[in-house]
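Secondary and tertiary structure notes
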Amino acid sequence: MATKNGVSDAGVFSIVERSPGVFFLVGDLTFETANSVLERTSGLLGATSGAKGMIRLDLSGIKHADSAGLALMLEWRKQSSAVKRVVLFLNVPQQLQAIARVAGVDAIIHQST
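Everything numeric here is computed off the predicted structure, so don't read it as measured data.

**Remarks on the overall build of the chain**
When its secondary structure is counted, the chain shows 4 helices and 6 strands. Going from the N terminus to the C terminus, the chain shows its helices and strands as β-β-β-β-α-α-β-α-β-α. Among the 113 residues that make up the chain, the fraction classed as buried is 43%. Across the chain, the fraction of contacts at a sequence separation of at least 24, relative to all contacts at a separation of at least 6, is 70%.

**Examining helix H4 (residues 94–103)**
When H4 is considered as a whole, its buried residues turn out to be Leu-96, Gln-97 and Ala-100. Projected down its long axis, H4 carries its buried residues within an arc of 100 degrees, all on one side. Counted as exposed and oriented over 90 degrees from the buried face of H4: Gln-94 and Val-102. Buried positions along H4 lie against strand S4 (22–29), strand S5 (54–65) and helix H3 (67–82). Backbone geometry just after H4 places Gly-104 at a positive phi near 80 degrees.

What counts and what doesn't
Residues numbered from 1 in each chain as written. Predicted model: local features only at pLDDT ≥ 70, side-chain atom pairs only at ≥ 80, totals over all residues. Heavy atoms only, no water. Helix = DSSP H or I, 4+ residues; strand = E, 2+ residues; numbered from the N terminus. Buried < 20%, exposed > 50% of the residue type's maximum accessible area, 1.4 Å probe, protein only. Contact = heavy atoms within 4.5 Å. Arc of directions from axis to C-beta.

This is how it looks when you write it as structure tokens:
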């Protein structure tokens, strides 16, 4: 899929901070969008003031995801650890859960509330 200004033809990716440390993600987490999404979220985890160092990423708005989406989730975990924060993934789409299970990393991205 072609991209224009880092946005996939499949849809627009957006991230909205609903409250301190709680982010709602909408769009695709795929090979086509991964670089753009990573650029847009770079530094996000260290710059927010989530309660008790917790960052919650609500993935219920993710429409399509593949293994690149899982790689993004693992990168967000790594980034949060580097700034001494904990990232919790909420409403992880079934397709990402299945990929994580096959990859043996489902415990790392396990849904939390």
